[in-house]
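Listed below are the residues making up each chain.
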Amino acid sequence: MNPKFFTLIFFLLGAPASLWANPLIFIDAAHGGSDSGVISGKEQEKDWDLKFALILKTAFAQAGFDVVLSRDSDTTLDPDKRAQTINTSGAAAVLVLHADKETSGIIQGPFFVVEPPNHPDVAEGTEVRRWGLVTISQYRSSLRLARALASAVGVGPDFSTLSDSRGLLGESGTAAGRILCSPEQSLRNLTLPAVDVLPLFLSNASDLKKFSDSASIAAFSSKLVKGVSEYLRLSNE
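Residues numbered from 1 in each chain as written. Predicted model: local features only at pLDDT ≥ 70, side-chain atom pairs only at ≥ 80, totals over all residues. Heavy atoms only, no water.

Caption draft 1: Fine view of the packing of helix 2 (residues 45-62) against helix 8 (residues 214-235). Look at helix 2 against helix 8: their axes get within 8 Å of each other, and the N-to-C directions meet at 55°. Looking at the two axes, helix 2 sits oblique to helix 8. As for the relative orientation of helix 2 and helix 8, their crossing is right-handed in sense. Within the contact between the two elements, helix 2 uses Lys51, Phe52, Ile55, Leu56, Ala59 and Phe60 and helix 8 uses Ser214, Ile217, Ala218, Phe220, Ser221, Ser222, Leu224, Val225 and Val228. Its residues assigned to classes, the contact of helix 2 with helix 8 shows 11 nonpolar, three polar and one charged. (Axes fitted to C-alpha atoms, helices over the stretch in contact; angles between N-to-C directions. Helix = DSSP H or I, 4+ residues; strand = E, 2+ residues; numbered from the N terminus. Parallel < 35°, antiparallel > 145°, perpendicular 65-115°, else oblique. Left-handed = near helix turned anticlockwise from the far one by under 90°. Contact = heavy atoms within 4.5 Å. Nonpolar A, V, L, I, M, F, W, Y, C, P; charged D, E, K, R; others polar.)

Caption draft 2: Region of interest: the sheet that holds strand 1 (residues 24-29). Reading across the sheet, the seven strands line up as 4-1-5-9-6-8-7 and stay open at both edges, with mixed pairing between neighbours. Taken across any chain shown, the strands that pair with only one partner, and hence form the sheet edges, are strand 4 (66-69) and strand 7 (156-159). In this sheet, neighbouring strand axes are inclined to one another by 30° on average, regardless of whether the strands run parallel or antiparallel. Taken together, the four bridges between strand 5 (residues 93-97) and strand 9 (residues 194-198) define a ladder with parallel strand orientation. Considered in strand 9, the bridge of Val96 is made with Asp196. Contacts between helix 2 and the sheet are confined to strand 1, strand 4 and strand 5, with strand 1 contributing the most and set at about 165° to the helix. (Pairing = 2+ DSSP bridges.)

Now the structure itself:
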């Protein structure tokens, strides 16, 4: 038998699992159970978060990704346990699903939220790396992910004017920007590239109508899959 065949076999056996494994995506449906999230009229955020998460899981699975959900039912999760589960998952990207509301009823989704950096880079795996400190390198990875997602769904990948100045990196926010650099509890204790995906405002009638059926959510989810795929492609170059 050709010796090159055995060389190839030995190479594959010794190669890291990531060489042939499907990328793992962690989808966190925020809130749940006794934690309703924001409420606008009859709409509860926890229900929308789960609805998007289940459809998004299907979209990623159909595209060949491995997927983990934080919850697949109306379950209450301890915030620290949720963060620990995400951080130990080894996911290539984390999407935290939220909805929001505001008083004017004018603002529409989507927005993509990243936690601003609050600490210099430190060695991987240290305790300071795990709890509440977002390093510069982690922030940059999350920002690349957020921008890939925004571009994929067809909205401005620039910073919003509402962004925290700590994360602007010399840039200026724009009115059309859909990247919001802002402190967010659901992101603060995460150590992986992570973005809050905010598809809609429950206070906006157009947003509610836009996502009134599963097909619309599925179409949006397919775009998110393309965004994550592009992020991973660029990260591996």
